[in-house]
Amino acid sequence: MVSVKQFDDDYCLLKQNSGSELSKCSGVPWRGIGNGIPLYCLGTQPVRGNDAYRASSCHAEEEQSLLDSLLLAQWEDRAWKGPLKYDVTNCEMKFISGSRKLIAQLNEEWNSNYFPELAEYNVLRSFDHFKFNCMKTFREELLFCVARGEKAKSELITSTILPNDANLVILNANPVEYGHVFIVPINFYNPPQFLDLRSLELAAQFAIDINNCSFRVFYDYHASLRVNSSYFQACYFANPLPVELVPVVPVIGNWQERGIHIFEVSDYPVKTLMFKGKDNFKMLVALVSEICSSLQDQQIPFNLLISECSTKIFLFPQVRASSADACNLSAWECGGHFVFRARQDFDLASEESLVKRLAAISLDSEGFQAVKQMSCSIASELSS
Amino acid sequence: MGSELGPGRLSLIDESLSSRYSEWIREALEELPDNFLITDPSISGHPIVFASSGFLKMCGYPREEVLGRNGRVFQGPGTDRRSVSEIREAIRQERSVQISLLNYRKDGTPYWVLFHLCPVFGKEDGRVTHFVSVQVPISTNSRVSGSGFWRNWSDMVGDSSIMREIVFGSCRREVCLDSVGDLSRSIPFDSYVDSDNRGLEAEESCEASDSEKQKAATAINNILSTLTHYSELTGKVVTGKRCSSIGIFFPNCSDHTAFRKILESFSRMLRGHMFISGRTDPYLHDMPIVYASDAFVKLTGYSKHEVLGRNCRFLQGPNTDVEAICQIREGIETAQPCTVHILNYRKDGSSFWNFLHISPVRNASGKIAFYVGVQIDEGSKDDHRGLSQEMRQLGAVGAVKVAVRSSSMGVGSSSKS
């Protein structure tokens, strides 16, 4: 069923090329993972099913997971050797004074148009076309691939062939934080450009396998853009994002019997829903994916923030941008992390002005109630 | 022994949970069917601050005789000293442990449990707030040895409960009534004795089955998620994982002890040959090692004590290549990471080839706080689940960078010098 595509020599070139670069740089070959492309195969065993498979060994959770090591190592490797536009650890960060502990970052080289190459490649390009061009474009940025494996446990292999459903993990050369990557489903160029269950599940499982609670996955859906994408972004924030610290109010319903919890984030400038499911990962993902596709149908822009190893998913529905100058916020901005390009703006940033910015994109009570109702009815349908 | 329960201490014990997990936490915890205790290491004597109904039923003590006491009251003459010291060591190192343990009921009868202890960390500061210990009865032929001493001892202790009864009176009774209703959900202690008789003697060490281990781990997870959830209500969020536990960062590198402590707690995640140098001065000879991992110590043969405060130059010897040393110096002067292939010497004078990777680590204001050095002993190169040693060590560098960067953030306007 799984069809595979053979990479042409283009990719081999890339490997040799980067190999020689490495040796030039360090004097000793800081070997990658051999020849071919590192392919991380997700295990078929439920990582978090009804039983706590991960916690069964006392020490496992204290060690860095394989995927965590792999991602950090590849990122650190690239950070050292070049394709990054700047060193994000060089950027100053602070909490904005105030009760909400919003986070500000000064990043003078920040480019919010962070995925220009992919945008160029636009829709309706075939996979072959993509492969051909993308490998050229991203020869340095491609860190590794992720795909569903056939073995029970996740494993790392080296492969010259790539399963059809693989996701590319591509370095973001304009990182907002350490470890910033794009997680791009390969069928990215196949319309429809929607977030589907498969890609959400893969991204969420990625976060489970990383098993590091600093790691967060983001998804942005901008209804105003003509072309949307189904790629995710992810990076490490060792501190909780402000929205994660806000008290939540449970929404009661039959989904609780299935281990799914829906919460309304109270007292936050963006009206937000939070979905939580520790033991029922599949259902959590199915629920959020259904809700997202409903929002997409209604052309309601939204963002997702997946945190705590995929036990929590925050949904930030946004107002439809009515005028040309109205802009949508990214998921980390909704979460309370703001990037400033100018020193002056950074120094003068106040909680009041940022709260205002957040509130401006939030749905009004009526609109939010509608989203909540819709979410609950989907949840209750899935639970019955 | 139990008479240390003054009113001040009582309220400390009472507030231990509610102040961090809100008023509703007890109710929520009571809904969990498992046998477990929660203890607070920040109160003197490391007392029990919560005991589940299932646990009380299993051990036969009333709740008021358990709260405020140390967990060792359940140990008795047959309890293996080694197991006890293993638990004590885990508490000291703030890590989890799963071990078979012989405990004693109030009436003096011993019973085997699978004891699973797990620390709960404050997410903000990374400090241990509580320990959760789940006890799953191990199905075995438990033999009653009926020690009179333990019964007498617990009777002696019983006095303090009178006072508690007066203080809490009726509300306690309600809780007890509730918990009787819950009994059907708690583990029926008596039934397991018959259900699975493996003929093990109580006095011998007793191995738990996989399903019991699984059960303990699941229970720990459920309790942790309840605690995490309720801690969100107060904003003092907790986590069962240490990965975000590097909460405090000392920009002043001279405070080596404090910094080292953070790194020690971090290091369990990263089993690499690693050392970290402070950068009080840009010159190499002034970069004292502020942290050395166990693996580093093992590799070099020096003790931590001998390593800390020294420059890593002491690993160099007569045949060490001068060019490699220059490369390191250049990397540090230009604030760039570098990798060198360098001949190092152990304490006993034997030499080894070392892949040394040194990288600057910046704090939240973008300033270089340290240099992290990762060594790979070429003699012991092995790939771990498809990941080469070099990759793993780079992964460790990345993890240090994330932790140091994001946990050193200040409030308000900070100035970059």
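How each quantity is defined
- Residues numbered from 1 in each chain as written.
- Chains lettered and ligands numbered in written order.
- Predicted model: local features only at pLDDT ≥ 70, side-chain atom pairs only at ≥ 80, totals over all residues.
- Heavy atoms only, no water.
- UniProt positions renumbered as here; feature names shortened; annotations may be inferred.
- Helix = DSSP H or I, 4+ residues; strand = E, 2+ residues; numbered from the N terminus.
- Buried < 20%, exposed > 50% of the residue type's maximum accessible area, 1.4 Å probe, protein only.
- Contact = heavy atoms within 4.5 Å.
- Areas by Shrake-Rupley, 256 points an atom, 1.4 Å probe, with all protein chains shown as cover.
- Lys, Arg positive; Asp, Glu negative; His and termini not counted.
- Salt bridge = Lys/Arg side-chain N within 4 Å of Asp/Glu carboxyl O.
- Polar contact = N/O pair within 3.5 Å; in protein donor to acceptor, adjacent residues only side chain to side chain.
- Pairing = 2+ DSSP bridges.
- Core = buried A, V, L, I, M, F, W, Y, C linked by side-chain atoms within 4.5 Å.
- Axes fitted to C-alpha atoms, helices over the stretch in contact; angles between N-to-C directions.
- Phe/Tyr/Trp six-rings, centres within 6.5 Å; stacked < 30°, edge-to-face > 60°.
- Expected span 1.5 Å × (residues − 1).
- pLDDT = per-residue confidence, 0-100.

Going by the annotation in an unreviewed UniProt entry, the name recorded for chain B is Putative LOV domain-containing protein, with Cinnamomum micranthum f. kanehirae given as the source organism.

Looking at an unreviewed UniProt entry, chain A carries the name GDP-L-galactose phosphorylase 1-like protein, with the source organism given as Cinnamomum micranthum f. kanehirae. Looking at chain A in UniProt, the text filed under Subcellular location (unreviewed entry) is "Cytoplasm".

**Student:** Would you mind showing me how to read the overall build of chain A here?
**Tutor:** For chain A, the count of helices and strands is ten helices and 17 strands. A burial count over chain A gives 60% of its 384 residues as buried. Long-range pairs, those at least 24 residues apart, make up 72% of the contacts in chain A between residues at least 6 apart in sequence. Approximately 14900 Å² of chain A is accessible, and the part contributed by carbon and sulfur atoms is 50%.

**Student:** I'm lost on the overall build of chain B in this one. Help?
**Tutor:** In terms of regular secondary structure, chain B is built from 14 helices and twelve strands. A burial count over chain B gives 57% of its 417 residues as buried. If you take every contact in chain B between residues at least 6 apart in sequence, the share linking residues at least 24 apart comes to 58%. On chain B, roughly 17600 Å² of surface is accessible, and the fraction owed to carbon and sulfur atoms is 50%.

**Student:** Is there a simple way to explain the side chain of R105 of chain B in this structure?
**Tutor:** Residues and elements named next belong to chain B. As for its placement among the helices and strands, R105 is situated in the loop between β3 (97-104) and β4 (110-122). The buried charged residue R105 lacks any salt bridge, with D107 as its nearest oppositely charged partner at 4.8 Å. Looking at R105, its side chain comes within polar contact range of the side chain of T109, at 2.5 Å.

**Student:** Explanation requested: the pairing of β4 of chain B in the structure shown.
**Tutor:** Two faces make up the sheet, and in a regular strand the side chains alternate between them. All names here are of chain B. Counting buried positions along β4 gives 13 out of 13 residues, so the element sits mostly inside the fold. Side-chain alternation along β4 places P110, W112, L114, H116, C118, V120 and G122 on one buried face and Y111, V113, F115, L117, P119 and F121 on a second face that is also buried. Across eight bridges, β3 lies against β4 in antiparallel orientation. Each residue of the ladder has a partner; that of L102, found in β4, is W112. Count of turn residues in the β3/β4 antiparallel hairpin: five residues, of which G108 carries a positive phi of about 90°. Sheet analysis places β4 next to strand β5 (residues 128-137), joined by nine bridges and oriented antiparallel. Among the inter-strand pairings, H116 is bridged to a residue of β5, identified as V134.

**Student:** Would you mind going over the nonpolar core with me for this structure?
**Tutor:** Soluble globular proteins tend to bury their nonpolar side chains together. Core analysis: the largest hydrophobic core is formed by 105 residues, its most contacted members being L71, F144, F206 and L304 of chain A. Here this core gets nine residues from one element, more than from any other, and that element is helix α6 (residues 281-297) of chain A. Setting aside its immediate chain neighbours within four residues, F144 of chain A contacts P38, Y40, L67, L70, L71, Q74, N167, L168, V169 and F206 of chain A. Residues L17, F50, L102 and I220 of chain B belong to the second largest nonpolar core, which totals 32 residues.

**Student:** Hey, could you run me through the environment of V113 of chain B in this one?
**Tutor:** All names here are of chain B. You can see V113 is positioned in strand β4. For V113 and V134, which are 21 residues apart along the polypeptide, the C-alpha to C-alpha distance reads 9.2 Å. When sequence neighbours within four positions are dropped, the list of residues in contact with V113 reads M58, I99, S100, L101, N103, Q135, V136, P137 and I138.

**Student:** I keep staring at the sheet that holds strand β13 (residues 261-265) of chain A and nothing clicks. Help me out?
**Tutor:** The strands making up a sheet are joined through hydrogen bonds of the backbone, oriented either antiparallel or parallel. Residue and element names in this part refer to chain A. The sheet built from twelve strands is open, its strands ordered β6-β2-β5-β8-β9-β11-β10-β15-β16-β14-β13-β12 with mixed pairing. Each of the sheet's edge strands pairs with one partner strand only, and the pair in question is β6 (155-159) and β12 (248-251). Taking each pair of neighbouring strands and ignoring which way they run, the sheet shows an average axis angle of 25°. Relative to strand β8 (residues 167-171), strand β5 (residues 142-148) is paired through four bridges, and the arrangement is antiparallel. Counted as the bridge partner of F144 is V169 from β8.

**Student:** Is there a simple way to explain the packing of aromatic side chains in this structure?
**Tutor:** The relation between two aromatic rings is expressed through the spacing of the ring centres and the mutual angle of the planes. Residue and element names in this part refer to chain B. Taken as a whole and judged by the stated rule, the model has 17 aromatic pairs over all chains. An angle of 80° between the planes, with centres 5.0 Å apart, marks the rings of F55 and F74 as edge-to-face. Linking F55 in helix α3 (residues 53-59) with F74 in the loop between α4 (63-66) and α5 (81-93), this pair joins segments that are 19 residues apart in sequence. Relative accessible area serves as the criterion here: at 0%, F55 is assigned to the buried category. An angle of 80° between the planes, with centres 5.4 Å apart, marks the rings of Y61 and F74 as edge-to-face. Taken together, the residues Y61 in the loop between α3 and α4 and F74 in the loop between α4 and α5 connect sequence positions 13 residues apart.

**Student:** What is the right way to look at the pattern of salt bridges in this model?
**Tutor:** Side chains that differ in sign of charge can pair as their charged atoms come close. Using the criterion set out here, one finds 19 salt bridges over all chains in the structure. With a shortest N-O distance of 2.9 Å, K106 of chain B and E65 of chain B are connected by a salt bridge. Highlighted residues: K106 of chain B in the loop between β3 and β4 and E65 of chain B in helix α4, separated in sequence by 41 residues. Within this structure, D77, R78 and K81 of chain A form a network of salt bridges that share partners.

**Student:** I'm lost on α6 of chain A in this one. Help?
**Tutor:** Quick reminder: α-helices carry 3.6 residues per turn. Residues three or four places apart thus point the same way. Residue and element names in this part refer to chain A. Its 17 residues place the ends of α6 24 Å apart at the C-alpha level, agreeing with the 24 Å of an ideal helix rising 1.5 Å per residue. In terms of burial, α6 is largely enclosed, as twelve of its 17 residues are buried. Listed in full, the buried residues belonging to α6 are F281, M283, L284, V285, L287, V288, S289, I291, C292, S294, L295 and Q296. The inward-facing, buried residues of α6 contact α5 (197-210), β10 (215-221), β14 (272-276), β15 (302-307), β16 (312-317) and α10 (365-383). Once α6 finishes, Q299 follows within two positions and takes phi at roughly 60°, a positive value.

**Student:** I'm lost on unusual backbone geometry in this one. Help?
**Tutor:** Glycine aside, residues mostly have negative phi, and peptide bonds are mostly found in the trans state. In this model, D267 of chain A sits at a positive phi of 55°, which is unusual for a non-glycine residue. Tracing the backbone through its elements, the reader meets D267 of chain A in the loop between β13 and β14. For D267 of chain A, a relative accessible area of 61% translates into the label exposed. Although it is not a glycine, H46 of chain B sits at a positive phi angle of roughly 50°.

**Student:** What am I meant to see in the confidence of the model for chain A here?
**Tutor:** Reading fine detail from the predicted coordinates is not recommended where pLDDT is low. Residues and elements named next belong to chain A. Here chain A shows a mean pLDDT of 78. Residues at 70 or above account for 74%. Here residues 49-61 is a poorly scored stretch, pLDDT under 50, and it has 32 contacts once near neighbours within four places are set aside; other chains count. Low pLDDT, under 50, characterises residues 119-130; the stretch is placed with 22 contacts to residues that sit more than four places away or in other chains.

**Student:** Is there a simple way to think about the environment of T79 of chain B in this case?
**Tutor:** All names here are of chain B. Inspection of the secondary structure assignment puts T79 in the loop between α4 and α5. For T79, a relative accessible area of 3% puts it in the buried group. Of the polar contacts made by the side chain of T79, one reaches the backbone nitrogen of G76; its length is 2.8 Å.

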